[in-house]
Amino acid sequence: MYSLRKRLNENSNVINVQTEEGHVFNATCTFHPPASDLDISNFEKQTGFLLPDDYIEFLKISNGCRLFDDINYGGEIELYSLDQIIEYNHNLYDEFEGCYDIAYIYQDNLVINSKLVSQNKKNYLFWKGHIEQFEDAKPLEMSFELWFDRFVTCQGAKFWWWPIYTAEL
């Protein structure tokens, strides 16, 4: 995240992005003020959701953000603040207690499974289509930190879809 913010600062908060289909556009990223230890503690108490350590470190830098917004058309990449997580997850996964959406990315949601976090599993992150149920979620086999690093490297591309597309399609 620090490298992305440095690139933005060096370029008047605008970076040039090239998508996997070759489209090039100028983008901005907006970071929210950090969450405090008290904010994080209150969130866990209020929701019962367990936050992974690497995600907590992100929240202490930026309590949510918008990434790679096209300066002409906007975008659909939002990593939720703690308040948004509460708002958007109200009774969302009742039968999958401990699972909660943390982001909306072009019709997909990122989901943390806090049961896996409580078991000290590092691969606790899932993705699912925005209107799908959690039972349709697919494991990303990664942590938030690894996902974020790859997502920034891919300049906002949904890299988790790439194995779906082959030279045969």
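Note that the structure is predicted; figures quoted are calculated from it, not measured. (Residues numbered from 1 in each chain as written. Predicted model: local features only at pLDDT ≥ 70, side-chain atom pairs only at ≥ 80, totals over all residues. Heavy atoms only, no water.)

**Describing the overall build of the protein chain**
Point 1. For the protein chain, the helix and strand inventory stands at six helices and eight strands.
Point 2. The C-alpha radius of gyration computed for the protein chain amounts to 16 Å, which stays within 12% of the reference 15 Å derived for 169 residues, consistent with globular compactness.
Point 3. When each of the 169 residues of the protein chain is scored for burial, the buried share is 46%.
Point 4. Total accessible area computed for the protein chain in this model is approximately 9,500 Å², and 49% of it derives from carbon and sulfur atoms. (Helix = DSSP H or I, 4+ residues; strand = E, 2+ residues; numbered from the N terminus. Rg over C-alpha atoms; globule rule 2.2 N^0.38 Å. Buried < 20%, exposed > 50% of the residue type's maximum accessible area, 1.4 Å probe, protein only. Areas by Shrake-Rupley, 256 points an atom, 1.4 Å probe, with all protein chains shown as cover.)

**A closer look at the sheet that holds strand β2 (residues 24-31)**
Point 1. The strand order across the open sheet built from eight strands is β1-β2-β3-β4-β5-β6-β7-β8, with neighbouring strands paired in antiparallel fashion. The open sheet is flanked by β1 (15-18) and β8 (138-139), the only strands paired with a single partner. (Pairing = 2+ DSSP bridges.)

**A few points about the nonpolar core**
Point 1. Formed by 52 residues in total, the largest nonpolar core has its most connected members in L67, F68, L79, I102 and W147.
Point 2. By residue number, the principal contributor to this core is strand β5 (residues 99-105), which donates six residues. (Core = buried A, V, L, I, M, F, W, Y, C linked by side-chain atoms within 4.5 Å.)

**Examining the packing of aromatic side chains**
Point 1. All told, the structure shown has 17 aromatic pairs when counted by the stated rule.
Point 2. Between F126 and F134, the aromatic rings sit 5.5 Å apart at their centres with planes inclined by 55°, giving tilted as the arrangement.
Point 3. For F126, a relative accessible area of 12% gives the class buried.
Point 4. According to the relative accessible area criterion, F134 is buried, its value standing at 8%.
Point 5. Among the aromatic side chains, those forming a connected cluster through ring pairs are Y55, F58, F68, F144, W147, F148, F151, F159 and W160. (Phe/Tyr/Trp six-rings, centres within 6.5 Å; stacked < 30°, edge-to-face > 60°.)

**A word on the packing of helix α3 (residues 53-61) against helix α6 (residues 144-153)**
Point 1. Between α3 and α6, the least distance of the axes is 7 Å, while the angle of their chain directions is 55°. It follows from the interaxial angle that α3 and α6 lie oblique. Contacts between α3 and α6 involve D54, Y55 and F58 on the former and, on the latter, F144, E145 and F148.
Point 2. Its residues assigned to classes, the contact of α3 with α6 comprises four nonpolar, no polar and two charged. (Axes fitted to C-alpha atoms, helices over the stretch in contact; angles between N-to-C directions. Parallel < 35°, antiparallel > 145°, perpendicular 65-115°, else oblique. Contact = heavy atoms within 4.5 Å. Nonpolar A, V, L, I, M, F, W, Y, C, P; charged D, E, K, R; others polar.)

**Digging into the pattern of salt bridges**
Side-chain pairs of opposite charge can arise where the charged atoms are in close proximity.
Point 1. Inspection of every chain in the model, using the stated rule, returns four salt bridges.
Point 2. In this structure, the salt-bridge partner of R66 is D69, at a minimum N-O distance of 2.9 Å.
Point 3. Judged by relative accessible area, which is 25%, R66 ranks as partly exposed.
Point 4. For E78, the salt bridge identified is with R66, shortest N-O distance 3.6 Å. Taken together, the residues E78 in strand β4 (residues 77-79) and R66 in strand β3 (residues 65-70) connect sequence positions 12 residues apart.
Point 5. Judged by its relative accessible area of 18%, E78 falls in the buried class.
Point 6. Through salt bridges with shared partners, a single ionic network connects R66, D69 and E78. (Salt bridge = Lys/Arg side-chain N within 4 Å of Asp/Glu carboxyl O.)

**Remarks on the environment of N89**
Point 1. Tracing the backbone through its elements, the reader meets N89 in the loop between α4 (82-88) and β5.
Point 2. Those residues within four positions of N89 in sequence are excluded, and the remaining contacts are F49, Y100 and D101.
Point 3. Reaching out from N89, the side chain makes a polar contact with the backbone oxygen of I85 at a distance of 2.8 Å. (Polar contact = N/O pair within 3.5 Å; in protein donor to acceptor, adjacent residues only side chain to side chain.)

**Looking at the state of the cysteines**
Point 1. A full pass over the atoms with the stated rule returns zero disulfides.
Point 2. No disulfide involves C29; its sulfur sits 7.4 Å from the nearest other cysteine sulfur, which is in C65.
Point 3. Look at C29 and you get buried, because its relative accessible area is 3%. (Disulfide = S-S within 2.5 Å.)

**Some thoughts on the pairing of strand β7 (residues 125-129)**
Successive side chains on a regular strand alternate, one facing one side of the sheet and the next facing the other.
Point 1. Burial within β7 is extensive, with five of its five residues counted as buried.
Point 2. What you see with β7 is no split at all: L125, W127 and G129 on one side and F126 and K128 on the other are buried throughout.
Point 3. Note: β7 against β8, two bridges, orientation antiparallel. Bridge pairing in β8 links F126 to P139.

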